[in-house]
Amino acid sequence: MAPRIFFEDFTPGDSGVCGQTTISREAIISFAQEFDPQPFHVDEMAAQSSFVGSLIASGWHSCALLMRMLADNMLLEASSMGAPGIEEVRWLHPVRPGDTLRLRHTVLEARPSAKRPQLGLVRLRFELLNQDDVVVLDQTNWIMFATREGWKMRASTHFSRPVRQSASFRVPPPAKPTPFFEDVSIGETVELGAYGFTQSKIVAFAQAFDPQPFHIDPEAARFSQFGALCASGWHTAAAWMKTMVSHRRRSREAAEREGLPAAELGPSPGFRDLVWRKPVYVGDTVTYHSQVIDKRASRSRPGWGLVFHRNTGVNSDGETVFAFDGCVFWQCRP
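Let me begin by describing the structure that accompanies this report. As the structure is a computational prediction, the values presented were derived from the model and not from experiment. (Residues numbered from 1 in each chain as written. Predicted model: local features only at pLDDT ≥ 70, side-chain atom pairs only at ≥ 80, totals over all residues. Heavy atoms only, no water.)

The helix and strand tally for the protein chain stands at nine helices and 10 strands. The C-alpha radius of gyration computed for the protein chain amounts to 20 Å, which stays within 12% of the reference 20 Å derived for 334 residues, consistent with globular compactness. Counting only C-alpha atoms, the protein chain reaches 65 × 50 × 35 Å along its principal axes. Counting only contacts in the protein chain whose residues sit at least 6 apart along the sequence, the fraction spanning at least 24 positions is 75%. Put simply, the protein chain shows about 15,700 Å² of open surface, and 51% of that area lies on carbon and sulfur atoms. Taking the average place of the 36 positive charges on the side chains of the protein chain and the average place of its 36 negative ones, the gap between the two points comes to 3 Å. (Helix = DSSP H or I, 4+ residues; strand = E, 2+ residues; numbered from the N terminus. Rg over C-alpha atoms; globule rule 2.2 N^0.38 Å. Contact = heavy atoms within 4.5 Å. Areas by Shrake-Rupley, 256 points an atom, 1.4 Å probe, with all protein chains shown as cover. Lys, Arg positive; Asp, Glu negative; His and termini not counted. Charge placed at Lys NZ, Arg CZ, Asp CG, Glu CD.)

Printed below as a string of structure tokens:
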């Protein structure tokens, strides 16, 4: 089916509100158990005594929900050619069970691609609003759309199909006890672990959160700009979080074995400069790393600091497929 929205249809200043979804306790826990099993996302009792005080959705879950509303209300009817990354995401307010979310979009810029005239780039601001019209998530990023003429040319374009082996399993690396904020070393890099992208995992995530054809239909993906079925960018991001939480668990276990105290980590206020540098295909195994790049004491939370980290994902060919700069609340020494 031909799209009805093309690059030419985006005008700076245009805005609208669309979509509506009510998030349940079960959905919050289900997503978190798979990708972000921190106590304040999976255990109501533990959440009450945590940094946040109650069960809340993972920030990556709220990003995935935004993606689903965007797909249903715009991208599946548009000549979308994917997004190169995300400028910034700010998680401004917790998403709790029973919240009803809507998506507001605003066109900030629209310009033709200098290198590929059949494409245009549209910079958009997305805001998730809850039932009280409180903005819970603020996101800014570019999306590529084909022009009307470019979409016609696309039918005659050949896209190569990459060859991949089966996703492999890698034993997670050992971890050291998590230091308190005062002892965090700027420049230190850790390997978090690896995640294998199988066809079933790629399709299952996309069906729930990003049902664009090149994520759910192998045949349609062959004729897309990607040449083969590939993972949603938000799937690669959620997999990073999964390996990060697994690394934290191994750090706690290391502390227990050595009889040492270990710092707790709180939620993240957001991230910036996220880029999806290369597609992640069926059979790819992505290894994730995190490097501390800065830290500072928190002004809003006594006893906590903010640690800033640069994160990357590298495929089995040694190519960086994913990167972003994040930060997280980090417990100070009692």
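Moving on, we come to the sheet that holds strand 2 (residues 85-91). Read from one edge of the open sheet, 10 strands run 1-3-4-5-2-7-10-9-8-6, paired in antiparallel fashion. The open sheet has two edge strands with one neighbour each: strand 1 (15-22) and strand 6 (189-196). Ignoring strand direction, the axes of neighbouring strands in this sheet form an average angle of 20°. Bridge count between strand 7 (residues 270-276) and strand 10 (residues 320-331): four bridges; the pairing is antiparallel. Looking at strand 10, one finds that Arg-272 is bridged to Asp-325. (Pairing = 2+ DSSP bridges. Axes fitted to C-alpha atoms, helices over the stretch in contact; angles between N-to-C directions.)

If you check which residues of helix 1 (residues 25-35) are buried, you get Ile-28, Ile-29, Phe-31, Ala-32 and Phe-35. Taken end-on, helix 1 shows its buried residues confined to a sector of 165°, consistent with a single buried face. Along helix 1, the residues that are exposed and aim more than 90 degrees away from the buried face are Glu-26 and Gln-33. Turning to helix 1, the residues buried within the fold contact helix 2 (39-42), helix 4 (59-73), strand 6, helix 6 (199-209) and helix 9 (233-258). (Buried < 20%, exposed > 50% of the residue type's maximum accessible area, 1.4 Å probe, protein only. Arc of directions from axis to C-beta.)

Contact geometry of helix 4 with helix 6 gives a least axis separation of 8 Å together with a crossing angle of 70°. Between helix 4 and helix 6, the interaxial angle falls into the category roughly perpendicular. On the side of helix 4, the interface is formed by His-61, Ala-64, Leu-65, Met-67 and Arg-68, while helix 6 contributes Phe-205, Gln-207, Ala-208 and Phe-209. Residue composition of the contact of helix 4 with helix 6, by class: six nonpolar, two polar and one charged. (Parallel < 35°, antiparallel > 145°, perpendicular 65-115°, else oblique. Nonpolar A, V, L, I, M, F, W, Y, C, P; charged D, E, K, R; others polar.)

Among the nonpolar cores identified, the biggest contains 72 residues, and Trp-60, Trp-234 and Phe-271 are the most heavily contacted of them. One finds Leu-265, Val-307, Trp-330 and Cys-332 within the second-largest nonpolar core, a separate group that totals 10 residues. (Core = buried A, V, L, I, M, F, W, Y, C linked by side-chain atoms within 4.5 Å.)

The subject of this paragraph is the packing of aromatic side chains. On inspection of all chains with the given rule, the structure shows 18 aromatic pairs. On the numbers, 5.7 Å between centres and 75° between planes, the contact of Trp-60 with Phe-324 is edge-to-face. Here Trp-60, found in helix 4, pairs with Phe-324, found in strand 10; they are 264 residues apart in sequence, far enough to count as distant. The exposure class assigned to Phe-324 is buried, which follows from its relative accessible area of 2%. Look at Phe-322 and Phe-324: their rings are 5.5 Å apart centre to centre, the planes differ by 55°, and that puts the pair in the tilted class. An aromatic cluster of at least three residues, connected via ring pairs, comprises Trp-60, Trp-91, Trp-234, Trp-240, Phe-271, Trp-276, Tyr-288, Phe-322 and Phe-324. A cation over a ring is seen here: Lys-201 above Tyr-195, with NZ or CZ 4.4 Å from the ring centre. The cationic tip of Lys-295 hangs over the ring face of Phe-181; the distance from NZ or CZ to the ring centre is 5.1 Å. (Phe/Tyr/Trp six-rings, centres within 6.5 Å; stacked < 30°, edge-to-face > 60°. Lys NZ or Arg CZ within 6 Å of the ring centre and 35° of its normal.)

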